[in-house]
Amino acid sequence: MNRNKLLQTLFKTCRQRTSTICKPLEVEDYIPQPTIDVSPPKWHLGHTTWFFEAFVLEPYFKDYQLYDDDFAYLFNSYYNNAGKRVLRPKRGLMSRPPVREVMAYRDYVTEAILQFLPQIDDTNVLDIVELGINHEEQHQELLVYDIKYILGNQPTFPIYGEGFELKPETGKGFVELKEGLYTIGADGHSFCYDNERGQHQVYLGKYAISNALVSNGAYLEFIADGGYRDFNLWLSEGWDFIQKENINAPLYWYQMEGEWWYYTLQGFQKIDPNQPVCHISFYEALAFAEWKGMRLPTEFEWEVAAPQLNWGQLWEWTYSAYQPYPGFEKAPGALGEYNGKFMINQNVLRGASVATAPKHSRITYRNFFHPACRWHFAGIRLAKSL
């Protein structure tokens, strides 16, 4: 199968998966934005569609006619080179265009891409199409996070449905790694983001890393032992954060009549102590590790150990700041804003989650969020120096 045909297949699959994620929603669910980190599902549908229109169709497909001149302003996210945009906190105020119009826009651009793809003979344009597919897969995961936050802040805790369930961790014990030089980063022979490139060597001391994520049961012990009340366990910024936000448990956890419950996409349930703890900030992950007398792995320790680990249920916080690898270069123009401009005040997460698109994960993948973020599917893996 040549690359054009392969990308056609991947593009169709990607667009269909986005629609499948949204299928359980009512039309009213597409619009709310309960917090700045959450974008309305309608906006995700418009933004991922605009990406293909702005970076593939408009500059390269000579027969293409813009669907609507206003949509670039409405659905641009953070690409300053692509023009002005609605500010992020205002996305939930957009009752227009209506959901049906966004769906029509989506169909219009999908048809145009499928018409254009067989004609493309420029490798650079095919690269942008591939980036657009991976970009939409990233937004599919964000969609799941945002849908859960929208539904999880409803007074009746509505059920979304099946498809993103966590399972008990099966790993046991620790994997030991020898000290030495290790190669880190993507080799560039298959798709990866620019922040994964700049393959290089790092020296690691001898260490051990847990073969399982921290469970709800273990985290309940941390809570019961006063973990959220002992400032000695916390970074100063983390302690200030939980005090200011009045946090005493992971996001979506509620204590009722002496028992702990949580909201899941399958509804409001008693906490399963065997499942991995989820919706944890970096601050909470670090405090738990301190309580256990251990630490979080660096992203390099995680990558080296990954082939021996059972990973993929939750993104895993590392104690690594999000920084460029040696030789990192930003692409020119708007696409250069994709990753590089966020390399400050973020921590790297490694792995994947139950919401990650199939075949979108790899051991060199560098996810990143601010340490206070909790609405994404993130958990804890412990490490210790030997």
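K.L.:
How should the nonpolar core be read in this particular structure?
P.N.:
Looking at soluble globular proteins, one finds that nonpolar side chains tend to be buried together. Counting residues in hydrophobic clusters, the biggest one holds 99 residues, and the most contacted among them are Phe-55, Phe-75, Tyr-219, Phe-222, Trp-253 and Ile-380. Residue contributions to this core peak at 13 residues, all from helix α5 (residues 123-152). Setting aside residues no more than four positions away along its own chain, Phe-222 makes contact with Gly-227, Tyr-228, Leu-233, Trp-234, Ala-287, Phe-288 and Trp-291. Judged by nonpolar contacts, the second largest core, of 15 residues, contains Ile-184, Leu-204, Tyr-207 and Ala-305.

K.L.:
I'm lost on the pairing of strand β7 (residues 267-270) in this one. Help?
P.N.:
Where a strand is regular, its side chains alternate between the two sheet faces. When strand β6 (residues 259-264) meets β7, the two strands line up antiparallel, connected through 4 bridges. Within β7, the residue paired with Tyr-262 across the bridge is Gln-269. The hairpin turn running from β6 into β7, its antiparallel successor, is 2 residues long.

K.L.:
What am I meant to see in helix α4 (residues 99-116) here?
P.N.:
An α-helical segment advances 3.6 residues per turn. Residues three or four places apart therefore align on the same side. Helix length check: α4, at 18 residues, gives a terminal C-alpha distance of 26 Å against a target of 26 Å (1.5 Å per residue), a fit within 8%. Of the surrounding secondary structure, the elements contacted by the buried residues of α4 are α1 (3-22), α2 (41-60), α3 (71-75) and α5.

K.L.:
It is not clear to me how the pattern of salt bridges should be interpreted in this structure. Could you clarify?
P.N.:
Two side chains with opposite charge may pair up if their charged atoms get near one another. Scanning the entire structure with this criterion turns up 13 salt bridges. Across the salt bridge formed by Arg-381 and Glu-316, the nearest N and O atoms sit 2.6 Å from each other. You can see Arg-381 sitting in the loop between β11 (378-379) and β12 (383-385) and its partner Glu-316 sitting in strand β8 (residues 315-321), a full 65 residues away along the chain. According to the relative accessible area criterion, Arg-381 is buried, its value standing at 1%. Here the salt bridges share partners, and the residues they tie into one network are Glu-299, Glu-303, Arg-350 and Arg-366.

K.L.:
Looking at this model, I keep getting lost on the packing of aromatic side chains. Mind explaining?
P.N.:
Two aromatic rings are characterised by how far apart their centres lie and by the angle between their planes. One pass over the full model with this rule turns up 52 aromatic pairs. Relative to Phe-71, the ring of Tyr-67 lies with its centre 5.6 Å away and its plane at 40 degrees, an arrangement referred to as tilted. The buried category is assigned to Phe-71, whose relative accessible area is 3%. Among the aromatic residues, those joined into a cluster by ring pairs are Phe-11, Trp-50, Phe-51, Phe-52, Phe-55, Tyr-78, Tyr-79, Tyr-322, Phe-342 and Phe-368. Sitting over the ring of Tyr-325, Arg-366 keeps its end group 4.0 Å from the ring centre.

K.L.:
Explanation requested: the side chain of Gln-346 in the structure shown.
P.N.:
Within the fold, Gln-346 resides in the loop between β8 and β9 (347-351). A residue is classified by how much of its surface remains accessible, and Gln-346, at 17% relative accessible area, is buried. Residues in contact with Gln-346, not counting those within four places in the same chain, are Ser-320, Ala-321, Tyr-322, Phe-368, Phe-369 and His-370.

K.L.:
Sorry if this is basic, but what is going on with the sheet that holds β9 here?
P.N.:
Strand pairing in a sheet relies on backbone hydrogen bonds. The paired strands run either parallel or antiparallel. The 4 strands are arranged β10-β9-β8-β11 in an open sheet whose pairing can be described as mixed. Strands at the two margins of the open sheet, each flanked by one partner only, are β10 (367-369) and β11. Bridge count for β8 against β11 is 2 bridges, and the pairing is parallel. Each bridged residue has a counterpart across the sheet, and for Trp-315 the counterpart in β11 is Ala-378. Along the sheet, helix α8 (residues 282-291) contacts β8 and β9; its crossing angle with β8, the most-contacted strand, is approximately 85 degrees.

Parameters at a glance
- Residues numbered from 1 in each chain as written.
- Predicted model: local features only at pLDDT ≥ 70, side-chain atom pairs only at ≥ 80, totals over all residues.
- Heavy atoms only, no water.
- Core = buried A, V, L, I, M, F, W, Y, C linked by side-chain atoms within 4.5 Å.
- Buried < 20%, exposed > 50% of the residue type's maximum accessible area, 1.4 Å probe, protein only.
- Helix = DSSP H or I, 4+ residues; strand = E, 2+ residues; numbered from the N terminus.
- Contact = heavy atoms within 4.5 Å.
- Pairing = 2+ DSSP bridges.
- Expected span 1.5 Å × (residues − 1).
- Salt bridge = Lys/Arg side-chain N within 4 Å of Asp/Glu carboxyl O.
- Phe/Tyr/Trp six-rings, centres within 6.5 Å; stacked < 30°, edge-to-face > 60°.
- Lys NZ or Arg CZ within 6 Å of the ring centre and 35° of its normal.
- Axes fitted to C-alpha atoms, helices over the stretch in contact; angles between N-to-C directions.

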